[in-house]
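One-letter residues, chain by chain:
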Amino acid sequence: MATTIIEGDVLIRGALAPESFTAPPQSVSSDAVKTGANIDADKLESRVYASHAQPNTAATTETRSLFVARRPGTVNSVIAGSIAKAVGDSTVTVDVKKNGTTILSAVITLDNANTARVGEAGTVNVSAFVAGDWFEVVITATVGTGTLPTGVFVQMEVDQNGL
């Protein structure tokens, strides 16, 4: 088939219905996608909220699996909190590790200065991950002169790349 070259701008009033179309690389942005387009999920970046919550009893020390990456991506944020805050000098620390190494610049500390049912943001120091990376949450409860927080929770927001 012969190639037709059009020099200059082209204005089409109405629908353009080609049998095929090859978009130049990097030419389609989110704004160009029609609302409700129902694009196949494996072609999209996906946002995941991986979380772990202890029961509404005194916090306990534990390490739990939080998320296993299926595709490369980025950790956007980590928050931790509790249903009831600590009393006195009892504390809980929360760390999130990727393949056994922390991703935070410092652990998140839940103590008597926190607000019940309000997440405390951690600072993500290592955000990139690849398929197969394993994330775990490490919760360390330290009883002091008061009581430990109850209902400790942690949530990690991640974006995974499309296939």
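Just above sits the structure.
Just so it is clear, the structure is predicted and the values come from calculations on it, not from any experiment.

J.: Just give me the short version of the side chain of Ser 82, but keep the residues and values in it.
T.: Mapped onto the elements, Ser 82 comes out in the loop between β3 (73-81) and β4 (91-98). Note on Ser 82: relative accessible area 4%, which makes it buried. Polar contacts involving the side chain of Ser 82 include one to the main-chain carbonyl oxygen of Ala 84, which spans 3.0 Å. Sequence-distant contacts of Ser 82, that is, excluding residues within four places in its chain, are made with Ala 116, Arg 117, Pro 149, Thr 150, Gly 151, Val 152 and Phe 153.

J.: Let's hear about the nonpolar core: which residues, and what values?
T.: Buried together is how nonpolar side chains tend to be arranged in soluble globular proteins. With 25 residues, the main nonpolar core has Val 78, Val 92, Val 94 and Met 156 as its most contacted residues. Those elements giving two or more residues to this core turn out to be β2 (62-68), β3, β4, β6 (108-110), β9 (134-142) and β10 (153-160). In this view, Val 78 contacts Val 96, Ile 103, Leu 104, Ile 108, Glu 120, Ala 121, Gly 122, Val 124, Val 154, Gln 155 and Met 156; residues no more than four positions away in its chain are not counted.

J.: Describe unusual backbone geometry, with residues and values.
T.: Phi angles above zero are rare outside glycine, and Asn 38 is one such case at about 55°. Along the polypeptide, Asn 38 turns up in the segment before β1 (46-53). For Asn 38, a relative accessible area of 70% corresponds to the exposed category. In this structure, Arg 117 takes a positive phi of about 60° despite not being glycine.

J.: Quick one: what's the story with the packing of aromatic side chains, residue by residue and with numbers?
T.: The final tally for this structure, using the stated rule, is 3 aromatic pairs. Each ring, one from Phe 67 and one from Phe 135, has its centre 5.9 Å from the other, and the planes form 45°; the classification is tilted. On the criterion of sequence distance, the pair formed by Phe 67 in strand β2 and Phe 135 in strand β9 is long-range, its members being 68 residues apart. The burial state of Phe 67 is the same as that of Phe 135; both residues are buried. Connected via pairs of aromatic rings, a cluster forms that spans Phe 67, Phe 129 and Phe 135.

J.: Talk me through the environment of Pro 18; I want residue IDs and the actual numbers.
T.: Note that Pro 18 resides in the segment before β1. Spatially, the C-alpha atom of Pro 18 lies 25 Å from that of Asp 42, the residues being 24 residues apart in sequence.

J.: Summarise the environment of Ile 6; cite the residues concerned and give the values.
T.: Assignment of secondary structure puts Ile 6 in the segment before β1. A sequence separation of 52 residues divides Ile 6 from Ala 58, and the C-alpha atoms of the two residues are 72 Å apart.

J.: Outline the pattern of salt bridges, listing residues and values.
T.: According to the stated counting rule, one finds 4 salt bridges in the structure shown. Across the salt bridge formed by Glu 157 and Arg 47, the nearest N and O atoms sit 3.8 Å from each other. Separated by 110 residues along the polypeptide, Glu 157 in strand β10 and Arg 47 in strand β1 bring together distant segments of the chain. Between Arg 47 and Asp 159 there is a salt bridge, and its shortest N-O distance comes to 2.7 Å. Placement of the pair is Arg 47 in strand β1 and Asp 159 in strand β10, with a sequence separation of 112 residues. Taken together, the shared-partner salt bridges connect Arg 47, Glu 157 and Asp 159 into one network.

Thresholds applied
- Residues numbered from 1 in each chain as written.
- Predicted model: local features only at pLDDT ≥ 70, side-chain atom pairs only at ≥ 80, totals over all residues.
- Heavy atoms only, no water.
- Helix = DSSP H or I, 4+ residues; strand = E, 2+ residues; numbered from the N terminus.
- Buried < 20%, exposed > 50% of the residue type's maximum accessible area, 1.4 Å probe, protein only.
- Polar contact = N/O pair within 3.5 Å; in protein donor to acceptor, adjacent residues only side chain to side chain.
- Contact = heavy atoms within 4.5 Å.
- Core = buried A, V, L, I, M, F, W, Y, C linked by side-chain atoms within 4.5 Å.
- Phe/Tyr/Trp six-rings, centres within 6.5 Å; stacked < 30°, edge-to-face > 60°.
- Salt bridge = Lys/Arg side-chain N within 4 Å of Asp/Glu carboxyl O.

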